[in-house]
Amino acid sequence: MRRIIIATVAFIALLTSACSSDSDTTTDEIKPTITINYAEGFPQACATLKRGEIYTFKAKITDNVALAAYSLNLHHNFDHHTHDDQGAQCDLEEIKQAINPLIYMENFSLSGQTEYEIEISVSIPNDIDTGDYHCSYSVTDETGWQSRTSSDIKIIE
């Protein structure tokens, strides 16, 4: 029995000594930021886009340590859903069924920058459903923190 107690104490001592209390290591607890609220940011809330046109979607992203990835997601809002990070609410058309909606989802990688301006050219097809859409940007830093921003947009003829 005494050997078991000694072995248990030795094991606990080994585990305790294996734990590090390195005070030089800091944990990144700050989410990255993302904004379209600047002069060139696009699209602003309630923007109107035309089918058949090409647009450059722009947002500024920053992080205190290092950015890792960002994404752009364009999807219909024919059911009038919302996003928790959405800013201004715009006038919406009647609820309708999607037949041929625009769906754009792309992810992009970054390598360690702390500031970056997203610039993505998107062609709006001529044959997609017109109406209410959402534009959603997302950014992730190297430790996995994520931030999003969304805005209502409208696609017209």
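In case you missed it, the structure is sitting above this.
Quick caveat, the model's predicted, so the values are computed rather than measured.

Undergrad: Would you take a moment to explain the sheet that holds strand E2 (residues 47-50) for this structure?
TA: Backbone hydrogen bonds hold the strands of a sheet together, and the pairing may be parallel or antiparallel. Spatial strand order, E2-E8-E7-E4-E5: five strands in an open sheet with mixed pairing. Every interior strand has two partners, whereas the edge strands, E2 and strand E5 (104-109), have only one. Within the sheet, the average angular offset between the axes of one strand and its neighbour, ignoring direction, is 25°. Where E2 lies against strand E8 (residues 146-156), four bridges are found, and the strand directions are parallel.

Undergrad: How should I be thinking about the environment of Gln-97 in this particular structure?
TA: In this fold, Gln-97 is placed in the loop between strand E4 (67-76) and E5. Distance in space between the C-alpha atoms of Gln-97 and Asp-129 is 9.8 Å, their sequence separation being 32 residues.

Undergrad: It is not clear to me how the state of the cysteines should be interpreted in this structure. Could you clarify?
TA: In protein structure, a disulfide is the covalent linkage between the sulfur atoms of two cysteines. Evaluated as defined, the whole model comprises one disulfide. The side chain of Cys-46 participates in a disulfide bridge whose partner is Cys-90; the two sulfur atoms lie 1.8 Å from each other. The chirality of the disulfide connecting Cys-46 with Cys-90 is left-handed, given an S-S dihedral of about -90°. Here Cys-90 lies in the loop between E4 and E5 and Cys-46 lies in the loop between strand E1 (33-35) and E2, a separation of 44 residues in the sequence. On the basis of relative accessible area, Cys-46 is assigned to the partly exposed category, the value being 38%.

Undergrad: What am I meant to see in the nonpolar core here?
TA: Nonpolar side chains in soluble globular proteins generally cluster together in the buried interior. Counting 28 residues, the largest nonpolar core has Leu-49, Phe-57, Leu-72, Leu-74 and Tyr-137 as its most contacted members. Of all the elements in the fold, those that place two or more residues in this core are E2, strand E3 (54-62), E4, strand E6 (115-123), strand E7 (131-141) and E8. The residues contacting Leu-49, other than those within four sequence positions of it, are Phe-42, Tyr-55, Phe-57, Ile-124, Ile-153, Lys-154, Ile-155 and Ile-156.

Undergrad: Just checking my understanding: could you explain the sheet that holds E3 for this structure?
TA: Taken in spatial order, the three strands line up as E1-E3-E6 in an open sheet, and their pairing is antiparallel. Edge positions in the sheet fall to E1 and E6, since each has one partner strand and no second. Here the strands of the sheet are splayed against their neighbours by 25° on average, with no regard to which way each runs. As judged from the nine bridges shared by E3 and E6, these two strands associate in the antiparallel manner. Across the sheet, Phe-57 pairs through a bridge with Ile-120, a residue of E6.

Undergrad: I would appreciate a short explanation of the pattern of salt bridges in the present structure.
TA: Side-chain pairs of opposite charge can arise where the charged atoms are in close proximity. Per the counting criterion, the structure on display carries three salt bridges. Arg-51 serves as the salt-bridge partner of Glu-157, at 2.5 Å between the closest nitrogen and oxygen. Of this pair, Glu-157 sits in the segment after E8 while Arg-51 is found in the loop between E2 and E3, placing the two residues 106 residues apart along the sequence. A salt bridge links Asp-132 to Lys-154; the nearest nitrogen and oxygen atoms lie 2.4 Å apart. Of this pair, Asp-132 sits in strand E7 while Lys-154 sits in strand E8; the two residues are 22 residues apart in sequence, bridging distant segments of the chain. The buried category is assigned to Lys-154, whose relative accessible area is 19%. One network of salt bridges, in which partners are shared, links Glu-93, Asp-132 and Lys-154.

About the criteria used
- Residues numbered from 1 in each chain as written.
- Predicted model: local features only at pLDDT ≥ 70, side-chain atom pairs only at ≥ 80, totals over all residues.
- Heavy atoms only, no water.
- Pairing = 2+ DSSP bridges.
- Helix = DSSP H or I, 4+ residues; strand = E, 2+ residues; numbered from the N terminus.
- Axes fitted to C-alpha atoms, helices over the stretch in contact; angles between N-to-C directions.
- Disulfide = S-S within 2.5 Å.
- Buried < 20%, exposed > 50% of the residue type's maximum accessible area, 1.4 Å probe, protein only.
- Core = buried A, V, L, I, M, F, W, Y, C linked by side-chain atoms within 4.5 Å.
- Contact = heavy atoms within 4.5 Å.
- Salt bridge = Lys/Arg side-chain N within 4 Å of Asp/Glu carboxyl O.

So, to be careful, I would describe these as geometric facts and stop short of saying anything about function.
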